[in-house]
Amino acid sequence: MGRVGSSCDNALAESVWQGLKRETMHGKLFLTMRRARLEIFQWLTYYNARRRHSALSYLSPIEFERQHHKTAELSLAA
C-alpha cells in the first residue's frame, strides 16, 4: 500500500489491475468462483515472478534478482 492521495502510487496500482483485467478476465465467464480465484491467483503468481517489466529493463523479477545477486557477489569478490 502506498500513501493516501499519492497519484504515482495510484497509477502503479491501476496498471496492475488493468493488466489483470485485460490478460485474465476480459471476455471470460467463469463457471465457478473457485475457477475465477484460481485463474487470478495464477496470473498474480506469473506477474510477480515471470512477467517481464519495463521498470526492470524488460527482465522478469526472478531474472532481475538473479542478475542483482550475481553483481553483488562479483563486487564482494573484487
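Located above this text is the structure these notes cover.
Residues numbered from 1 in each chain as written. Predicted model: local features only at pLDDT ≥ 70, side-chain atom pairs only at ≥ 80, totals over all residues. Heavy atoms only, no water.

## As for the pattern of salt bridges
Here is step 1 of the chain: Under the defined criterion, the tally for this structure stands at 5 salt bridges.
Here is step 2 of the chain: Here Glu23 ties to Arg22 by a salt bridge, and the two come within 3.1 Å at their closest N and O atoms.
Here is step 3 of the chain: In this structure Glu23 comes out as partly exposed when scored by relative accessible area, which is 34%.
Here is step 4 of the chain: For Arg22, a relative accessible area of 45% puts it in the partly exposed group.
Here is step 5 of the chain: For Glu63, the salt bridge identified is with Arg66, shortest N-O distance 2.8 Å. One end of the pair is Glu63 and the other is Arg66, both in helix H3 (residues 61-77) and 3 residues apart, which spans about a single turn.
Here is step 6 of the chain: Beyond isolated ion pairs, a larger network of salt bridges with shared partners links Arg22, Glu23 and Arg51. (Salt bridge = Lys/Arg side-chain N within 4 Å of Asp/Glu carboxyl O. Buried < 20%, exposed > 50% of the residue type's maximum accessible area, 1.4 Å probe, protein only. Helix = DSSP H or I, 4+ residues; strand = E, 2+ residues; numbered from the N terminus.)

## Regarding the environment of Thr32
Here is step 1 of the chain: Within the fold, Thr32 resides in the loop between helix H1 (7-25) and helix H2 (33-49).
Here is step 2 of the chain: Only 3.0 Å separates the side chain of Thr32 from the backbone nitrogen of Arg35, close enough to count as a polar contact. (Polar contact = N/O pair within 3.5 Å; in protein donor to acceptor, adjacent residues only side chain to side chain.)

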